Amino acid sequence: MLNLFDTYERRVRPFTPLNPPEVKLYACGLTVYDYAHIGNLRTYIFEDILCRVLEFNGYQVQHVMNITDVGHLTDDADAGEDKMEVGTRRAGKSAWEIAEIYTEAFKQDLAQLHIHEPHIWCKATDHIAEQIAMIQCIEAKGVIYRISDGIYFDTSKLDDYGYIARLNIEGLQAGIRVAMSEKRNPTDFALWKFSKPDEQRQMEWDSPWGVGFPGWHIECSAMAAKYLGSFFDIHCGGEDHIMVHHPNEIAQSQACYGTRLANFWLHGYFLQLDGLKMSKSSGDFLRLQTILDRGYDPLVFRYFCLGGHYRAKITFNWQAMDGAATALQRLHTAVTQWPAPTEPDETYVTQFTNQINDDLNMPRALAVMWDLVKSDLPDGVKKATILVFDQILGLGMVDWQAEAEQPIPEAVQALVGRRQEARANKDWQQADALRDQIAAAGYDVVDTPDGPELKRRMARA
Ligand code: AMP
Ligand code: ZN
């Protein structure tokens, strides 16, 4: 039995698909005005684990993810600049070009982290007509109003607006009288924003209300409903979406279809930098490439993320990455030494399954994995069992074996030969320089009485 924490109900509850064996899942995608930062990637690793666990339970997952390539303003209150226009200015390219560039970079990040791609990618700019149609549907229900800069959703018209966030609407009304512009209620949000008369926008469209662009929230409600229906199994995103984006997606869906859009709402908690929030708009953030440039295997970051429960914030630092690299290295050494897999051990598989099905408890699942590694089961059984675990862990252990059986590349062997010569000539400086080159190629040299041995490495020293 799979149990998941549903933010909507604020409790762990048993998961059953609305239409088994199919599970329809929507994940809020990246805003492609810049590279993904490692915080974003943590959320996508969490969603990947969720999909793998659902599949492990025998369900067929239909996974949809959007690409936000328009209309996402720099702050949650429908103020500030359009992020795409900001990205354009920085990169000196058109909004369409930067969306393309960062979408491709994002897909490469996902591949390097072994995150399975969604079955359907949908771009906001490809679905303007659907968004307009949904705003018209909401308009027909009488919950929108027009002010000078756009068309807004009147949140006071819903009885339980903000329920998922447990918002105290009365408190908000009393507290935020200032800076509300012409909005009727502080929680009202834009469905359609008008282009300013004096402004030449790169991305703007005609609409029944005037030329402009869709608000931030409408794309997810419209595209999720298009691909998954107006009430589907799971909607997920990062914890920041609990307060604004998801209440608004739900409000739009309630107005238009009378549903809360998804049966389960799941949220991944933030990756932070020593207590600081990582944000793209602050301009200062770490991306996967930063980690690769420091010589780590991308899977060290995946392993690092698996070490924290998705409902707990985790703090990123290089010391923690080194710890993850060492653990992964140990795992790699163990797994590649084991012979061909025989039969998995059912007791371990059950223990592991209990942990992943307990609201995706990956830290505990990893502990079960290490118990297995240290156990005195026959190595072939360990191998078969860990390959089952890796369906969820996604560390690519099948390839570790293949790669261990592959000969060391000739170029690396040549470096080892030259290092042996340098050592014979007592040219220690040259020998050390060659060791560094071998490390850069992904191998560690261990000098043994029988000569040098090579081990694949997960991080540069
Ligand atoms: P964005 O590109 O800002 O729309 O964010 C893409 C995804 O990353 C969303 O699901 C966010 O909730 C999530 N996210 C943003 N910042 C972080 C962070 N520091 N840690 C984890 N997830 C994040
Ligand atoms: Zn969304």
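Note that the structure is predicted; figures quoted are calculated from it, not measured. (Residues numbered from 1 in each chain as written. Chains lettered and ligands numbered in written order. Predicted model: local features only at pLDDT ≥ 70, side-chain atom pairs only at ≥ 80, totals over all residues. Heavy atoms only, no water.)

What about the side chain of Asn361?
- By secondary structure assignment, the location of Asn361 is in the loop between helix H11 (346-357) and helix H12 (362-374).
- Sequence-distant contacts of Asn361, that is, excluding residues within four places in its chain, are made with His309, Gln355 and Ile356. (Helix = DSSP H or I, 4+ residues; strand = E, 2+ residues; numbered from the N terminus. Contact = heavy atoms within 4.5 Å.)

What to know about the environment of Pro118
- Tracing the chain through its elements places Pro118 in the loop between helix H3 (95-112) and strand S5 (120-123).
- By relative accessible area, which is 7% here, Pro118 ends up buried.
- Residues Pro118 and Val61 lie 57 residues apart in sequence; the distance between their C-alpha atoms is 9.4 Å.
- Not counting residues up to four positions away in its chain, the partners in contact with Pro118 are His63, Val64 and Met65. (Buried < 20%, exposed > 50% of the residue type's maximum accessible area, 1.4 Å probe, protein only.)

Let's talk about the environment of Arg330
- Topologically, Arg330 is positioned in helix H10 (residues 318-337).
- For the pair formed by Arg330 and Arg457, sequence separation is 127 residues and the distance between their alpha carbons is 9.9 Å.
- Look past the residues within four positions of Arg330 in its chain and what remains in contact with it is Trp370 and Lys374.

A word on the packing of helix H9 (residues 298-306) against H10
- Running from N to C, H9 and H10 cross one another at 100°; their axes reach a closest spacing of 9 Å. The angle between H9 and H10 falls in the class roughly perpendicular. Taken together, the residues of H10 that come into contact with H9 (itself represented by Leu299, Val300, Phe301, Tyr303 and Phe304) are Ala320, Met321, Ala324, Ala325, Ala327 and Leu328.
- When grouped by side-chain class, the residues that make up the contact of H9 with H10 number eleven nonpolar, no polar and no charged. (Axes fitted to C-alpha atoms, helices over the stretch in contact; angles between N-to-C directions. Parallel < 35°, antiparallel > 145°, perpendicular 65-115°, else oblique. Nonpolar A, V, L, I, M, F, W, Y, C, P; charged D, E, K, R; others polar.)

Regarding the site of ligand 1
- Lining the immediate surroundings of ligand 1 are 19 residues, of which Thr31, Gly39, Thr43, Gly238 and Asp240 lie closest.
- One of the side-chain N or O atoms of Asn40 is found 3.0 Å from an oxygen atom in ligand 1.
- Between Gly238 and ligand 1, the recorded distance is 3.0 Å, taken from a backbone N or O atom to an oxygen atom.
- For ligand 1, the protein covers 94% of the area, taking 490 Å² as the surface of the free molecule.
- Mapped onto the shell around ligand 1, the elements with two or more residues apiece are helix H1 (38-56) and strand S10 (231-238).
- The leading source of residues in the shell around ligand 1 is H1, at four residues. (Near = heavy atom within 4 Å. Polar contact = N/O pair within 3.5 Å; in protein donor to acceptor, adjacent residues only side chain to side chain. Areas by Shrake-Rupley, 256 points an atom, 1.4 Å probe, with all protein chains shown as cover.)

Some points on the sheet that holds strand S6 (residues 144-147)
- The strand order across the open sheet formed by four strands is S6-S7-S8-S9, and the pairing between neighbours is antiparallel. Taken across any chain shown, the strands that pair with only one partner, and hence form the sheet edges, are S6 and strand S9 (212-214). Pairwise comparison of adjacent strand axes, ignoring direction, gives a mean angle of 25° for this sheet.
- As paired elements, S6 and strand S7 (residues 150-153) share four bridges and run antiparallel to each other. Looking across to S7, one finds that Ile144 is bridged to Phe153.
- Running at roughly 85° to strand S8 (residues 189-194), helix H7 (residues 245-257) makes contact with S7 and S8 of the sheet. (Pairing = 2+ DSSP bridges.)

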